[in-house]
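Topology and contacts: notes
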Amino acid sequence: MKYDYLIVGAGLFGAVFAYEMKQKGRTCCVIDRRDHIAGNIYTKKQSGIDVHVYGPHIFHTSKKEIWDYVNRFAEFNNFINMPVASYKDELYNLPFNMNTFSRMWNIKTPREAQDIIASQIADLNITEPKNLEEQALSLVGRDVYEKLIKGYTEKQWGRKCTELPAFIIKRLPLRFTYNNNYFNDRYQGIPMGGYTQIVEKMLEGIDTYTGEDYLDIRDRITTEGEGNYNTTLKNGTAISYDKLLFTGQIDEYYDAKLGNLEYRSVRFETEELPMENYQGSAIVNYTEAEVPYTRCIEHKHFDFGTQPTTVISREYSSEWKPGVEPYYPVNNEKNNSLYEEYKKLADAEENVIFGGRLGHYKYYDMDKVIEAALECVKEER
Ligand code: UDP
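Keep in mind the model is a prediction, meaning the values are calculated, not measured. (Residues numbered from 1 in each chain as written. Predicted model: local features only at pLDDT ≥ 70, side-chain atom pairs only at ≥ 80, totals over all residues. Heavy atoms only, no water.)

1. A short note on the overall build of the protein
Assigned secondary structure in the protein consists of 12 helices and 17 strands. Over its C-alpha trace the protein gives a radius of gyration of 22 Å, about what one expects of a compact globule, namely 21 Å for 381 residues. Principal-axis analysis of the C-alpha atoms gives the protein an extent of 75 × 50 × 35 Å. Excluding contacts between residues fewer than 6 apart, the proportion of contacts in the protein whose partners are at least 24 apart in sequence is 70%. As displayed, the protein offers around 17400 Å² of accessible surface, 47% of which is attributable to carbon and sulfur atoms. (Helix = DSSP H or I, 4+ residues; strand = E, 2+ residues; numbered from the N terminus. Rg over C-alpha atoms; globule rule 2.2 N^0.38 Å. Contact = heavy atoms within 4.5 Å. Areas by Shrake-Rupley, 256 points an atom, 1.4 Å probe, with all protein chains shown as cover.)

2. Points about the layout of surface pockets
Estimated volume of the second largest pocket: approximately 380 Å³. Together, 19 residues line the second largest pocket, and Asp347, Ile353, Phe354, His360 and Glu379 are the ones closest to its centre. Elements with a contribution of two residues or more to the lining of the second largest pocket: helix H10 (333-347), strand S17 (352-354) and helix H12 (366-379). Class assignment for the residues of the lining of the second largest pocket results in 9 nonpolar, 2 polar and 8 charged. (1 Å grid on protein atoms, 1.4 Å probe; cavity = no way out; pocket = protein on both sides within 12 Å on 5 of 7 lines; lining within 4 Å. Points joined across faces, edges and corners; volume = space filled by probe spheres on them. Nonpolar A, V, L, I, M, F, W, Y, C, P; charged D, E, K, R; others polar.)

3. Section: the site of the ligand
Taken together, 17 residues lie around the ligand, and Thr153, Trp157, Tyr182, Tyr328 and Tyr363 are the ones closest in. In this structure, an oxygen atom belonging to the ligand sits 2.6 Å away from a side-chain N or O atom of Tyr182. Listed by contribution, the elements that provide at least two residues to the shell around the ligand are helix H5 (132-157) and helix H6 (167-170). For the shell around the ligand, the leading source of residues is H5, giving 6 residues. (Near = heavy atom within 4 Å. Polar contact = N/O pair within 3.5 Å; in protein donor to acceptor, adjacent residues only side chain to side chain.)

As C-alpha cells, then:
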C-alpha cells in the first residue's frame, strides 16, 4: 500500500494528525510498537471499571475549541479532580488552598493564611527562583513545602528539588479560597467509557498496525519504489510512504548519537479489592519520602462507579531505561539543551516530522498535545 504518511505511535498526537490528514484527503498508515492503540491514555475495562493503565488522565483545558474538538470523539462526565494528599497521619486537600491551610495551621481566614505564608517567605530572600525548591518556598512557605511538596517531588523525579526546574510546580494552582479543584481550566472531565474510544474513533478507516516497531522496520527501508520510502512491516505487509511522523523518543530516533535524554518512568502495582470503596478519592498522593509510591489511584471514582469491587493502582516512579515505557521528559537545563541539538537535526529533515511528549521532549498535557498536533497539521501543505 502507498501512503502519504507513515505515523509512528498511535497515541493522541499521532491519532489527531492521522484523523485531520484523512479529512484533507491524505492517506496515513499508523504503527505502534505496543500491542494496543492510544499510547499512554489507553484505558481498559476490568470488572466494569475503566482502568487508566498508564496512570491517571484527567482532561482539562481552558480553550473552548479544544474542548469541543475532543467532545466529538466521546461524551465527557463532570468529574472534577480533587486529589487528597496524605502526609504521615495527616490528610490535606490539594491543590494548596484554604482547606489545606486551615488544616495545616488551624486557621479560618485568607488573611491569616497569607500572613503565615508571608512570614515564612520573608527571610528567604528569594527574588528570582532558580529551581523548584526556591519556587515552591517563595510561593507557599516552608510548612507546605516540607509536608506536601518536597517528598512527593523528589520521589516523582528522583532528583533533589534544588536540581529541578521551577516551572514544574507552577502547574499547581495556589488559592486563598476554599476550592479543591486541582485545575484552573474552564473545561474538565473524563470520557465516559474510557479514553481508548477517542483514539479508536480518530483512527477509524485508517490502516493501523500494533506490535510494529519502527526502529526494526527501518532497517528494511529502501528508496526504490512508489513512495519516497518503502519497507515491510513485521506482519509482512509492504508499505510505501512519502513522509514520516515520529512520536517516539527523539533521541532514540537518532540512536542517541548526541547523548541520551533523560525520562522518568512509572510502574503500577494494580489490584482488585473485594470492596466497594477503598480510599474515597480517585487520587491520593503520598507526600512523605518514607512511602515508596507516589500516589494511589482508585479508578472507579473517575466515573463515579458503583461496582461491587474496586481496582486500585499504586504508582512507583523510576528513572527511564531501555525496555520500560518513558512517561515524563526531565526538562532541566542539561536535557533541554541536548534536546535543542536534536531539534536542529530534526529541523533539517525534509521528510520527517516529530511530535508529542516524546518527539517534542515536552511535559505536555492532553489538551496541549491536541493543540500541537493541530498546529502541526496546519504546517503541512
Ligand atoms: N506536586 C507536589 N505535591 C503533590 C502533587 C504535585 O509537590 O502532592 C508537584 C510535583 O513536583 C509534581 C508537580 O507538582 O511534579 C506537578 O504535579 P501534577 O499533578 O501536575 O503531575 P502529573 O499529574 O503530570 O504527574
